[in-house]
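Analysis of the macromolecular model
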2 protein chains.
Amino acid sequence: MSRKKRVTSYDVAREAGVSQSAVSRVFRPGFSASDKTREKVLEVAKRMGYKPNAIARMLITQQSGIIAVIVSSRANVNYPEVLSQLNKSISQRQKRVLLFTLDSSDDLDELLESIWTFQVDGVIALAAHFEERSLEQLAQHNIPVVLYNRNVPEANANSVCCSHERGIKQLIDILHEGNHRSYLIISGPEDSDVANERREIASQYLTQLGYSDTPIVYGDYSYESGREALARWLKNNNLPDAVICSNDIMAIGVIDELRENMKLSVPDDVSVVGFDGVSAASWYSYQITTIRQPLEQLTKAAVDILMERIENPDSPPETRVLVGKLIAGNSTKPRG
Amino acid sequence: MSRKKRVTSYDVAREAGVSQSAVSRVFRPGFSASDKTREKVLEVAKRMGYKPNAIARMLITQQSGIIAVIVSSRANVNYPEVLSQLNKSISQRQKRVLLFTLDSSDDLDELLESIWTFQVDGVIALAAHFEERSLEQLAQHNIPVVLYNRNVPEANANSVCCSHERGIKQLIDILHEGNHRSYLIISGPEDSDVANERREIASQYLTQLGYSDTPIVYGDYSYESGREALARWLKNNNLPDAVICSNDIMAIGVIDELRENMKLSVPDDVSVVGFDGVSAASWYSYQITTIRQPLEQLTKAAVDILMERIENPDSPPETRVLVGKLIAGNSTKPRG
DNA sequence: TATTTTTTTGCATTCGAAGTCATTGTTAAT
DNA sequence: ATTAACAATGACTTCGAATGCAAAAAAATA
């Protein structure tokens, strides 16, 4: 009931015997005020429990200090972790993260409108599927965007990503040099850009090495889908020498399916590789050969690029590609 | 350069030949305007690309439509998942999530000030350590709070949590009835309230069953810490019949340590139980006996309670305790 | 048709801090 | 002492939408 009325800069000004402008200046870094008033104002402000109202400040400065982070609901398993890191990194720069989830791609326009109404300083999109049109929409409003793990080379967009090409080729090289002669690709869902990219790279590189028409089955990045995808394939087909999975979690599913239901050994009977380098990949029971995404560097790069565009809106678009680290595990071994 | 100027309600008003108030009312649900003006305004607004400025609206209405979510950096492994769910649930109610991370407990005051500055409608705190004093601070500002998995019975706070007591007693009952006669507790970090609660419950219940002074070793919730904690213990002590871990991830670490370095079998040589019911707990290689937290129901309850307090600030404080589901896995089996 | 009731409407003000501009006070230079 | 240069200050306006109030218009009643 007795909703305590907010203490405003006017209240402090009156109490301290100065003008409202003076109070404002004291709380604005880089604005001048004599030591005497500064001291006085800070003292009174503290006593009265005054804090500048962020909303009012946003309105007048046209700067919210808010970064919108869009996470697609079809998000990769390790995005939650990325999100925490992003938040930490952004908080350290005195900005805040406003979260948005993107369910289906068709309400993206609406989402962007909504983002715009918050006057956010910038946007980081985690693997959401962005049309070029949407990017332009944000560009029109002068809102810088950084795409995370979403390379849109044709568009003039800022982006950071882990080099899927480099990583997958490294994994395949290991298998190829280890005399694996037949392959199966277990891809992530078809509506995931990352999954599509990883699958295409693998498929093409295998063709280049002389294994054309490598079979592909689809999962949804989950453990169960990895198991099912493999089981489905083996029902009517022979065991390949190696299984290339679009992520670690499906690779773990594949390994468990091979061990439990097929009574086969990994890596003795078949090699399995994953991608991402999630922590479970290194657990004793799996020890997957995989590519570890440099998550920290990726998020750092994303935030760095974004902040640069916020401070200097005319910086040209930049794409930063980081190379993941090959983890040579025990889920692969040379054949014959 | 040519920073497109924002379209304001005045612009729309002028173009549509009505007053600014009329435009405002058209965009405010539940306010009256004749069909004629409504139609006209909407048409013009659409044509000009007008959307009400959320910041200005917040300032005048004193309502931000923003929910602050505080995640402690010492967060339990499955909080990222909780966070996604919370965000989804809150978005569905047309509110937004503003993320805050809490590093050390001493800057909580500052964090709360900062939260207050944003005029958030409510706060959800994920397992952050909250003093009663902090809760009062928010209460003074009339900001409702819901604590997630943080039961503060003495304080007049809203909270939701999974019944650790019920869950842990169930797990211990299984072990006790399965003739396990010596125990080891592997607890989460001492600065985690949840870990402390789980440990205390286990310890006291074991005492009650006649196993006083059950040894306790500490980890930090991580896989490695589970392995290390067990290894450290076994260096100078005998193998217990059962190991009770504060979470699944440490239980997985314990199992791997037993298998890899001790060459022991789980559950033949020793039983292991966890807590949380994370997805990895059910993987073939582990199949941990554990308690699955009803995450979805918990987040739903948290959001429900919060929304209720926002709409009706005088609702009395409420604590909702949900019971987790026992998952009888293969990491335990009766002795002798 | 006259009158009452109800619905629409616009004017003016409000939210709270920031910034513009002109003025005053202070210090440095001549 | 006198001017120039500069720092500090307050009065006033701004950001953009919401809303109390009174006037106007429309609808309902007599």
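Conventions we followed
Residues numbered from 1 in each chain as written. Chains lettered and ligands numbered in written order. Predicted model: local features only at pLDDT ≥ 70, side-chain atom pairs only at ≥ 80, totals over all residues. Heavy atoms only, no water. Core = buried A, V, L, I, M, F, W, Y, C linked by side-chain atoms within 4.5 Å. Buried < 20%, exposed > 50% of the residue type's maximum accessible area, 1.4 Å probe, protein only. Contact = heavy atoms within 4.5 Å. Helix = DSSP H or I, 4+ residues; strand = E, 2+ residues; numbered from the N terminus. Arc of directions from axis to C-beta. Least-squares fit on C-alpha atoms with pLDDT ≥ 70 in both.

1. What about the nonpolar core?
Ile 124, Leu 126 and Tyr 148 of chain A together with Ile 124, Leu 126 and Tyr 148 of chain B are the most contacted members of the largest nonpolar core, which has 82 residues in total. In contact with Leu 126 of chain B, other than residues within four places in its own chain, are Val 69, Ile 70, Val 71, Ser 72, Tyr 79, Val 82, Leu 86 and Tyr 148 of chain B. One finds Met 250 of chain A together with Ile 255, Val 266 and Ala 280 of chain B within the second-largest nonpolar core, a separate group that totals 58 residues.

2. Considering helix α2 (residues 20-27) of chain A
Residues and elements named next belong to chain A. When we look at burial in α2, the residues that qualify are Ala 22, Val 23 and Val 26. The buried residues of α2 all sit within an arc of 100° when viewed along its axis, so they share a single face. Residues of α2 that are buried sit in contact with α1 (9-16) and α3 (35-48).

3. Some points on unusual backbone geometry
Of the consecutive residues Val 266 of chain A and Pro 267 of chain A, the connecting peptide bond is found in the cis state with omega at 10°. Assignment of secondary structure puts Pro 267 of chain A in the loop between α11 (248-260) and β9 (271-273). In this model, Tyr 221 of chain B sits at a positive phi of 85°, which is unusual for a non-glycine residue. Tracing the backbone shows Tyr 221 of chain B in the loop between β7 (216-218) and α10 (223-236). Tyr 221 of chain B gets classed as buried once you look at its relative accessible area, which sits at 4%.

4. Comments concerning the relation of the copies chain A and chain B
For these two chains of identical sequence, chain A goes onto chain B by a turn of 180° and a shift of 0.2 Å along the axis, with RMSD 0.3 Å. Here the two chains are linked by the operation of a two-fold rotation axis. Mapped onto chain B, 98% of the interface residues of chain A are again interface residues, and the two copies thus contact each other with one and the same surface.

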